Amino acid sequence: MIYSTEVQHMCPVAKGAYHGPAPIPEEGKWVQAKEIKDISGFTHGVGWCAPQQGACKLTLNVKEGIIEEALVETLGCSGMTHSAAMASEILIGKTILEALNTDLVCDAINTAMRELFLQIVYGRTQSAFSEDGLAVGASLEDLGKGLRSQIGTMFGTKSKGPRYLEMAEGYCTRMALNKDDEVIGYEFVNLGKMMDFIKKGDDANTALEKAKGHYGQFEAAAKYIDPRHE
């Protein structure tokens, strides 16, 4: 280590009491984090790419500094899905410091990692006050039984109004309108359930009907429209 001449000629002054870093909440404990292995937590966060044309929701489960679980969900350009595939392999097993300084392929995923790092090292995690934190695999609970991200896709124009394309429940097949052409409900297909029915031996049309559901005053509609073609 090199000291400047000015520092070399200074007289030493003793340092006072050392209180250490402020404790942060981690998995039901208060921890004075001094090393990476002192950090544990489960949290979600969102990142975006530089042109703001895509986003990533990242979920990490960190135990003693190591990323034990990662859920990568992306929305935007087609390349993001491939980047997410690579990131899901890259992230696991790394320390959070390694992951912060790793190219996660997509800028939105890198930004999400940065945002999560801040939450985790400051103790602002979902599991901050949960004793022993959340089990590895907890992030899949957000996806439901179909293990699909919950996506909302809506389109609207001034001249023709709104079109519901995809809801949390699934792919929207019909919109229900009242006598004034106002939306009062919709029909959807849960694609996760549909694929499960097909895997169990149902033909595609049977699986499609079994996986359908509806919401709102769907049965009381004056008319129904296909949101993609009408």
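Residues numbered from 1 in each chain as written. Predicted model: local features only at pLDDT ≥ 70, side-chain atom pairs only at ≥ 80, totals over all residues. Heavy atoms only, no water.

**Student:** Any chance you could explain the overall build of the protein here in plain terms?
**Tutor:** Scanning the protein for helices and strands turns up six helices and 11 strands. Projected onto its principal axes, the C-alpha coordinates of the protein cover approximately 90 × 40 × 30 Å. In the protein, buried positions account for 34% of the 230 residues. A separation threshold of at least 6 residues defines the contact pool for the protein, and within that pool the share at least 24 residues apart is 50%. As displayed, the protein has an accessible area near 14,400 Å², and 55% of this comes from carbon and sulfur atoms. For the protein, the distance from the average position of its 23 positive side-chain charges to the average position of its 31 negative side-chain charges is 4 Å. (Helix = DSSP H or I, 4+ residues; strand = E, 2+ residues; numbered from the N terminus. Buried < 20%, exposed > 50% of the residue type's maximum accessible area, 1.4 Å probe, protein only. Contact = heavy atoms within 4.5 Å. Areas by Shrake-Rupley, 256 points an atom, 1.4 Å probe, with all protein chains shown as cover. Lys, Arg positive; Asp, Glu negative; His and termini not counted. Charge placed at Lys NZ, Arg CZ, Asp CG, Glu CD.)

**Student:** Looking at this model, I keep getting lost on the pattern of salt bridges. Mind explaining?
**Tutor:** Oppositely charged side chains may form a pair once their charged atoms are brought near each other. Following the criterion strictly, the structure yields 12 salt bridges and no others. Put simply, Lys57 and Asp142 hold a salt bridge, and the shortest N to O gap is 3.8 Å. A residue pair is termed long-range when its members are at least 10 positions apart, and Lys57 in strand S4 (residues 55-63) and Asp142 in the loop between helix H4 (107-121) and strand S6 (153-157) qualify at 85 residues. Lys57 gets classed as partly exposed once you look at its relative accessible area, which sits at 28%. Look at Asp142 and you get partly exposed, because its relative accessible area is 35%. The network of salt bridges with common partners includes Lys57, Glu73 and Asp142. (Salt bridge = Lys/Arg side-chain N within 4 Å of Asp/Glu carboxyl O.)

**Student:** Help me understand the pairing of S6 in this model?
**Tutor:** Regular strands show a simple pattern: their side chains alternate between the two faces of the sheet. For S6 and strand S7 (residues 161-167), the ladder comprises five bridges, and the chain directions are antiparallel. Residue pairing in the sheet places Gly156 in a bridge with Pro162 of S7. Hairpin connection, S6 to S7: the antiparallel pair is bridged by three residues. (Pairing = 2+ DSSP bridges.)

**Student:** Explain the side chain of Glu26 to me, please; I cannot follow it from the model alone.
**Tutor:** In this structure, Glu26 sits in strand S1 (residues 24-26). Setting aside residues no more than four positions away along its own chain, Glu26 makes contact with Val31, Asp38, Ile39, Ser40, Ser127 and Ala128.

**Student:** Looking at this structure, I do not really get the nonpolar core. What am I missing?
**Tutor:** Nonpolar side chains in soluble globular proteins tend to end up buried together. Leu58, Leu60, Val72, Leu91, Ile109 and Met113 are the most contacted members of the largest nonpolar core, which has 24 residues in total. Ranked by residue count, the leading element in this core is H4, at seven residues. Here Val72 is in contact with Cys56, Lys57, Leu58, Ala84, Ala87, Ser88, Leu91 and Ile109, once residues within four sequence places are set aside. In terms of nonpolar packing, the next biggest core, distinct from the first, is built from five residues, Val189, Met194, Phe197 and Ala207 among them. (Core = buried A, V, L, I, M, F, W, Y, C linked by side-chain atoms within 4.5 Å.)

**Student:** What am I meant to see in the environment of Gly79 here?
**Tutor:** On the secondary structure map, Gly79 appears in helix H2 (residues 79-91). As a C-alpha pair, Gly79 and Val105 span 26 residues in sequence and 9.7 Å in three-dimensional space.

**Student:** How should unusual backbone geometry be read in this particular structure?
**Tutor:** A positive phi angle, close to 55 degrees, is found at Gln52, a residue other than glycine. Taking relative accessible area as the criterion, Gln52 reaches 64% and is therefore assigned exposed.

**Student:** Where do I start with the environment of Met167 in this structure?
**Tutor:** Of note, Met167 is situated in strand S7. Counting along the chain gives 37 residues from Met167 to Ser130, while the straight-line C-alpha distance between them is 31 Å. Not counting the four nearest positions on each side in its chain, Met167 is found in contact with Ile151, Met154, Cys172 and Tyr186.

**Student:** Please clarify how the sheet that holds strand S3 (residues 41-48) should be interpreted in this entry.
**Tutor:** Each strand in a sheet pairs with another by means of backbone hydrogen bonds, the pair being arranged parallel or else antiparallel. Pairing in this open sheet of three strands is antiparallel, and the strands run S3-S4-S5 from one edge to the other. Of all the strands in the sheet, the pair left with one neighbour each is S3 and strand S5 (66-75). Pairwise comparison of adjacent strand axes, ignoring direction, gives a mean angle of 15 degrees for this sheet. Examined bridge by bridge, S4 and S5 share nine bridges and lie antiparallel to one another. (Axes fitted to C-alpha atoms, helices over the stretch in contact; angles between N-to-C directions.)

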